[in-house]
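Listed here are the chains, written in short residue letters.
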Amino acid sequence: MSESFDFKKLGFIGLGAMGKPMLVHLANKLPPESRIYVFDVVEVTMNEIFSQFPDKVFRGSSARDVAQQDTIITMVPEGSHVRSVYLDPTNGVCSTDISNKLLIDCSTIDTATSLNVKDHIEKHFPSASFYDSPVSGGVVGAIKGTIAFFLGCAESDPNVERLTHLMGMMGKQVIPCGGPSLGLAAKLSNNYLSGVIAIACSEAFDMGMRSGLDPRTLAKVYAAGTAQNTICDRFCPVPHVYPDAPSSGGYKQGFKVQLMRKDFSLAMDMAKRVGSKNMLGEAGLKTYDGASKDPRCRDLDSRVVYRYLGGNEEWLLEENGSSSAA
Ligand code: NAD
C-alpha cells in the first residue's frame, strides 16, 4: 500500500446489498490501525460486521456521528436518502464541521441531487471535497471486488490518486468521467444501454426460439456475429444457456428489476433534460415498470424481462422430454 495514503479514520454509511461487501473489502485490506465507523438506519444489518471485525469496525450513532471521520463513503438507495444522509439539519453529515474531509457518494441517484449536495458542501465547507462515484458490476461484483467506479471528476483532479487507491480496494476499475455529476451521467447512460440490450436480447431469443432454433445455437450465433454483447454472453436472459447467468438460478442473484426501473427512469429524466432523442427509452421504461410490478418478476434479476415478455423458460425440459420420448 502506498505510504502517502492514510485511511486510518474512515466512515461508511449504508450497509445494504452493495455497501456491506464493499465495506468488508475495506476492513480486510486497510492496515490494522485503521478504524471504520459505520451507520445504517436498519441496525441489524450492521451486527454481523461488528462480530467479523471487532477491532476495526465500530457502530456510529448517526450519519453526523460517522462524519467525525476523515473520509466518508455513502451507499444508499435513492436521491431522497442521499439528501437526508448529507443535509438533515440534525443528524446529517453536513450538520457537523466537515472541513477538509473527503466525501464519496457511491449511490446511483439523479445528477441534480448530487450537484445540490456538492453545492451545499462547497458553500458551507469550502475545504471539503465531495465526489459522485456510482458503481457497476452488481452484488456479485461487490462481493468479488470486481466492481467499476465512475468517478465524477477530471483525471487531473488533485484527489484522483487518493480516490483510486481507496476504490481499488473495493473494485477493479476507477474511471474519472470528467467533472462533478458526470460519474452519475456515465452510470445512467451505461444502465440505459444495458437495459435496452437485455430487452432486445430477450425479444431476439424469443423470436428465434419460436422459429425452431435452440437457444444455445442462437447464443453461439450472436457471439460470432455483430450482435455479440455481455448480456447475451454472461447474463443470458434465457435460462440454462449460460449456467452462471442469474436466469439459470431462477433469476435470484443479480440486479433487481426495480433497480433497473429506477436507473432507467433516471436515465430518461437525464435524456429529457439534455435534449437527447431516445426512441427506445419510453418502450424500455414501460417494460421495466411493468416487470417491476409483476409478482412473477418483482425482486428478481432485471433480465427477468424475458419472462415478462412471455419467453419460454422450460425449453430444456421440453427438449429432454421429447428426446426421451423419441
Ligand atoms: P440496499 O437497499 O440493499 O441498501 C441500501 C442501504 O442503505 C440499506 O441497508 C438501508 O437501510 C440504508 N439506508 C437507507 N437510508 C439510509 C439513511 N438515511 N442512513 C443510513 N442508511 C440508510 O441497496 P443496494 O443494492 O446496496 O444499492 C445501493 C445503491 O447502489 C443504489 O443507489 C443502487 O442503485 C446502487 N447499485 C446497486 C447495485 C445492485 O446490484 N444492488 C448495483 C450497482 C449500483
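Residues numbered from 1 in each chain as written. Predicted model: local features only at pLDDT ≥ 70, side-chain atom pairs only at ≥ 80, totals over all residues. Heavy atoms only, no water.

If you check an unreviewed UniProt entry, the chain appears there as 3-hydroxyisobutyrate dehydrogenase from Bimuria novae-zelandiae CBS 107.79. One UniProt comment on the chain, placed under Sequence similarities (unreviewed entry), says "Belongs to the HIBADH-related family. 3-hydroxyisobutyrate dehydrogenase subfamily." UniProt, in its Catalytic activity (unreviewed entry) section for the chain, records the words "3-hydroxy-2-methylpropanoate + NAD(+) = 2-methyl-3-oxopropanoate + NADH + H(+)". (UniProt positions renumbered as here; feature names shortened; annotations may be inferred.)

Draft legend 1. Spatial organisation of the domain arrangement of the chain. By domain assignment, the chain separates into domain 1 (3-178) and domain 2 (185-321). Between domain 1 and domain 2, the C-alpha centre-to-centre distance is 30 Å. Opposite the 13 residues of domain 1 that make contact, domain 2 presents 11 residues. Summed over the three residues of domain 1 that lose the most area to domain 2, namely T108, T111 and F150, the buried surface amounts to 46% of that side. Our enumeration of links across domain 1 and domain 2 arrives at four residue pairs in polar contact (both at pLDDT 80 or more). (Domains from an automatic or database assignment. Contact = heavy atoms within 4.5 Å. Buried area = accessible area lost by both parts, 1.4 Å probe. Polar contact = N/O pair within 3.5 Å; in protein donor to acceptor, adjacent residues only side chain to side chain.)

Draft legend 2. Fine view of the packing of helix α8 (residues 182-210) against helix α9 (residues 215-224). Remark: α8 packs on α9, axes separated minimally by 10 Å, with the N-to-C direction vectors making an angle of 130 degrees. Taken together, α8 and α9 sit at an angle that is classed as oblique. Seen from above, α8 lies across α9 with right-handed handedness. The segment α8 lies against α9, with A204, F205, G208 and M209 engaging P215, L218, A219 and Y222. Residues of the contact of α8 with α9, tallied by class, amount to seven nonpolar, one polar and no charged. (Axes fitted to C-alpha atoms, helices over the stretch in contact; angles between N-to-C directions. Helix = DSSP H or I, 4+ residues; strand = E, 2+ residues; numbered from the N terminus. Parallel < 35°, antiparallel > 145°, perpendicular 65-115°, else oblique. Left-handed = near helix turned anticlockwise from the far one by under 90°. Nonpolar A, V, L, I, M, F, W, Y, C, P; charged D, E, K, R; others polar.)

Draft legend 3. Quick look at the packing of aromatic side chains. Tallied over the full model, the rule gives five aromatic pairs. Taken together, Y192, F264 and Y288 form an aromatic cluster joined through their ring pairs. (Phe/Tyr/Trp six-rings, centres within 6.5 Å; stacked < 30°, edge-to-face > 60°.)

Draft legend 4. Representation of the environment of M22. Along the polypeptide, M22 turns up in helix α1 (residues 19-29). Note on M22: relative accessible area 0%, which makes it buried. Placed 285 residues apart in sequence, M22 and R307 show a C-alpha to C-alpha distance of 31 Å. Those residues in contact with M22 that lie beyond four places of it in its chain are F12, M75, C106, V135, A142, I147, F149 and M170. (Buried < 20%, exposed > 50% of the residue type's maximum accessible area, 1.4 Å probe, protein only.)

Draft legend 5. Focus on the sheet that holds strand β4 (residues 71-74). Judged by pairing direction, the sheet is parallel, and its six strands sit side by side in the order β3-β2-β1-β4-β5-β6 without closing on themselves. With one partner strand each, in any of the chains shown, β3 (57-59) and β6 (129-132) form the two edges of the open sheet. Taking each pair of neighbouring strands and ignoring which way they run, the sheet shows an average axis angle of 20 degrees. In this sheet, β3 lies alongside strand β2 (residues 35-39) in parallel orientation, the contact comprising three bridges. Counted as the bridge partner of I36 is V57 from β3. The strands touched by helix α2 (residues 44-52) are β2 and β3; relative to β3, the strand with the most contacts, the crossing angle is about 145 degrees. Contacting β5 (102-105) and β6, helix α5 (residues 111-124) runs over the sheet at an angle of about 175 degrees to β6. (Pairing = 2+ DSSP bridges.)

Draft legend 6. Main features of the pattern of salt bridges. Summed over the entire model, instances satisfying the criterion amount to 14 salt bridges. Where D206 meets R210, a salt bridge forms, and the shortest distance between an N and an O atom there is 3.0 Å. Of this pair, D206 and R210 are both found in helix α8, four residues apart, which corresponds to roughly one turn of the helix. Here D289 and K293 are joined by a salt bridge, their closest N and O atoms 2.9 Å apart. Here D289 pairs with K293, and both are found in helix α12 (residues 281-293), just four residues apart, close to one helical turn. What you see here is one network of salt bridges that share partners, running through D214, R216 and E319. (Salt bridge = Lys/Arg side-chain N within 4 Å of Asp/Glu carboxyl O.)

Draft legend 7. Summary view of the site of the ligand. By nearness alone, 25 residues border the ligand, and A17, M18, D40, P77 and K262 come closest of all. In the environment of the ligand, an oxygen atom lies 2.6 Å from a nitrogen or oxygen atom belonging to the side chain of D40. In the environment of the ligand, an oxygen atom lies 3.2 Å from a nitrogen or oxygen atom belonging to the backbone of V76. With the chains in place, 86% of the 840 Å² that the ligand exposes on its own is no longer accessible. Within the residue set of the shell around the ligand, elements represented by two or more residues are α4 (79-87), α6 (138-144) and α11 (257-274). (Near = heavy atom within 4 Å. Areas by Shrake-Rupley, 256 points an atom, 1.4 Å probe, with all protein chains shown as cover.)

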